[in-house]
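Understanding the architecture of this molecule
What follows is each chain in one-letter form.
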Amino acid sequence: MGGRFVAESNPMTIFKKPTLKFAAKKKREMPEGLWTKCPGCSEMIHHLAIEENLRVCPKCGHHFPMGAHERIATLVDEGTFEEADAAEVAHAIHEGLVHSRGVNCDI
Ligand SMILES: [Zn+2]
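A brief structural summary. (Residues numbered from 1 in each chain as written. Predicted model: local features only at pLDDT ≥ 70, side-chain atom pairs only at ≥ 80, totals over all residues.)

What follows deals with the environment of Leu54. The residue Leu54 is located in the loop between helix H2 (47-52) and helix H3 (68-75) in this model. Look at Leu54 and you get partly exposed, because 13 C-beta atoms sit within 10 Å. (Helix = DSSP H or I, 4+ residues; strand = E, 2+ residues; numbered from the N terminus. Buried ≥ 20, exposed ≤ 12 C-beta atoms within 10 Å, placed from the backbone.)

Within helix H4 (residues 86-95), only one of the ten residues are buried, leaving the element largely exposed. One or two positions beyond H4, positive phi appears at Gly96, with a value near 85°.

Here Ser42, not a glycine, exhibits a phi torsion of approximately 65°, which is positive. Along the polypeptide, Ser42 turns up in the loop between strand S1 (35-37) and strand S2 (44-46). A positive phi angle is found at Leu54, which is not glycine, with a value near 55°.

Quick look at the structure:
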């Protein structure tokens, strides 16, 4: 077949930027005792329960508001998310492109 097999071009390592890590450290570091009253059913729901249920109330299905960064945190495992285009994402959020319904792009 010929040709060189280039296995080391993993974009996640190419774009690694040590100074841009702000979104990945939210999940699973919640201190205990954080309870939120669900607007839907008035139950007190623990933050972890909400997070693990993707910010949907386990009791009544109420959708809690979710920011773009929180959405990212639910999509990736902690520590695996490296900001590749932080400036671009921040710009998009600024412009309202990803604001209305969370993140619109495929990650
Ligand atoms: Zn509820």
